[in-house]
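# Breakdown of the fold
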2 protein chains.
Amino acid sequence: MAVKLRLTELEALAQAAECLRTLAHPHRLRMVQMLLQGRYAVGELAAACKLPTPMASEHLRLMQRCGFLTSEKEGRKVYYRVAEPHLKSILKCIEDRFGVTPASR
Amino acid sequence: MAVKLRLTELEALAQAAECLRTLAHPHRLRMVQMLLQGRYAVGELAAACKLPTPMASEHLRLMQRCGFLTSEKEGRKVYYRVAEPHLKSILKCIEDRFGVTPASR
DNA sequence: TTGACGTATCGGAAACTGTCGATATATTTG
DNA sequence: CAAATATATCGACAGTTTCCGATACGTCAA
């Protein structure tokens, strides 16, 4: 007699996979990690990742599209912040596994 | 004065991203979900995902390569099980966000 | 208006990924 | 031994992702 398994439906897993793929990039992880600790403009995030601004903008667009982030325009700057509350616990898991280093002390 | 941020080093984030990419596939998520609840042979996992066995084998190889799984050969079958303890909490986060449906009740 | 700044978008090249069919290996059975 | 079973690997193709340069857009200051 087979044991009954608790499984998520494949359709939901496909959605989850898409979100994970969006998260699965070193610069995007860094941006999320920053945004979980405050609100930042595109240029600030780009500088922190040592990326040209257009590429940072593109990464942010991807994360916004899957519901992770939202943006607010202020003057000529655009500030992003975390919109998906579960991001915090997911990043926590990742940090538990891969470590966290304070940037300066 | 800039607030000190708690950030993971980019190199570690690159490793994390690679692992997340490996996880970011509906069939692989399903397999991990099963393997967190027991030990399964390639054929059983393939059947549960409605995949040809060779493809299941390939997915399992990827997850083994990044340390998520280990395998034990028994006769002509190969049983896989979870090797990375953090997988459980990560899947928990994903299930919290995307829902879990018992396969049968 | 002009110019500078901050952000967004477009097009294309290179690299990577998922999938499939075919084949290979190892183990058990007859 | 040969045949059947279970898993693994290989080659190739289509599709996606990443990155970059160029360009476009919106806002502010002079």
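Before reading further, recall that the structure is shown in the block above.
A short tour of the structure in this document, coming up. (Residues numbered from 1 in each chain as written. Chains lettered and ligands numbered in written order. Predicted model: local features only at pLDDT ≥ 70, side-chain atom pairs only at ≥ 80, totals over all residues. Heavy atoms only, no water.)

### Points about the protein's contact with DNA strand D
Lining the immediate environment of DNA strand D, one finds 19 residues, of which Arg21 and Met55 of chain A together with Gly43, Ser57 and Tyr80 of chain B sit closest. Counting only atoms of DNA strand D within 4 Å of the protein, the sugar-phosphate share comes to 81%. At 3.1 Å from a phosphate oxygen of DNA strand D is found a side-chain nitrogen or oxygen belonging to histidine 25 of chain A. Serine 57 of chain B is positioned such that a nitrogen or oxygen atom in its side chain is 2.8 Å from a phosphate oxygen of DNA strand D. (Near = heavy atom within 4 Å. Polar contact = N/O pair within 3.5 Å; in protein donor to acceptor, adjacent residues only side chain to side chain.)

### Let's talk about the nonpolar core
Core analysis: the largest hydrophobic core is formed by 68 residues, its most contacted members being Leu23, Leu29 and Leu60 of chain A together with Leu23, Leu29, Leu60 and Ile94 of chain B. Considering each element in turn, this core owes the most residues, 7 residues, to helix H1 (residues 10-23) of chain B. Excluding its chain neighbours within four sequence positions, the residues that come into contact with leucine 29 of chain A are Leu23, Leu91 and Ile94 of chain A together with Leu13, Ala16, Ala17 and Leu20 of chain B. (Core = buried A, V, L, I, M, F, W, Y, C linked by side-chain atoms within 4.5 Å. Buried < 20%, exposed > 50% of the residue type's maximum accessible area, 1.4 Å probe, protein only. Helix = DSSP H or I, 4+ residues; strand = E, 2+ residues; numbered from the N terminus. Contact = heavy atoms within 4.5 Å.)

### As for helix H4 (residues 53-65) of chain B
Residue and element names in this part refer to chain B. Its 13 residues give H4 an end-to-end C-alpha distance of 18 Å, which sits within 8% of 18 Å, the value for a rise of 1.5 Å per residue. All buried positions along H4 are accounted for by Ala56, His59, Leu60 and Met63. One side of H4 carries all its buried residues, which in axial view fall inside an arc of 100 degrees. Opposite the buried face of H4, at more than 90 degrees from it, the exposed residues are Pro54 and Arg65. On the buried face of H4, the contacting elements are H1, helix H2 (26-35), helix H3 (42-49), strand E3 (69-74) and strand E4 (77-82). One or two positions beyond H4, positive phi appears at glycine 67, with a value near 90 degrees. (Expected span 1.5 Å × (residues − 1). Arc of directions from axis to C-beta.)

### Quick look at the sheet that holds E3 of chain B
Residues and elements named next belong to chain B. As summarised here, the arrangement of the 3 strands in space is E2-E4-E3, forming an open sheet in which the pairing is antiparallel. Looking at strand neighbours, the two that pair on one side only are strand E2 (40-41) and E3, the edges of this open sheet. Here E2 pairs with E4 via 2 bridges, running antiparallel. Looking across to E4, one finds that alanine 41 is bridged to tyrosine 79. Contacts between H2 and the sheet are confined to E2, E3 and E4, with E4 contributing the most and set at about 85 degrees to the helix. (Pairing = 2+ DSSP bridges. Axes fitted to C-alpha atoms, helices over the stretch in contact; angles between N-to-C directions.)

### Some remarks on the sheet that holds strand E3 (residues 69-74) of chain A
All names here are of chain A. Across the sheet, which stays open at both edges, the 3 strands sit in the order E2-E4-E3 with antiparallel pairing between neighbours. The two strands at the open ends of the sheet, each matched to only one other strand, are strand E2 (40-41) and E3. Sitting on the sheet, helix H2 (residues 26-35) is in contact with E2, E3 and strand E4 (77-82), with an inclination near 85 degrees to E4.

### Considerations on the environment of proline 26 of chain A
In this fold, proline 26 of chain A is placed in helix H2. Residues proline 26 of chain A and cysteine 49 of chain A lie 23 residues apart in sequence; the distance between their C-alpha atoms is 9.1 Å. In this structure, proline 26 of chain A is in contact with Leu10, Leu13, Ala14 and Ala17 of chain B, ignoring residues within four places of it in sequence.

### Looking at the relation of the copies chain B and chain A
Each copy superposes on the other: chain B lies on chain A with an RMSD of 0.1 Å after a rotation of 180 degrees and an axial shift of 0.0 Å. Viewed as a symmetry operation, the transformation between the two copies matches a two-fold axis. Across chain B, the smallest distance between a C-alpha and the rotation axis is recorded for arginine 21 of chain B, namely 2.8 Å. Comparing contact sets, 100% of the residues at the interface of chain B also lie at the interface in chain A, consistent with an isologous, same-surface contact. (Least-squares fit on C-alpha atoms with pLDDT ≥ 70 in both.)

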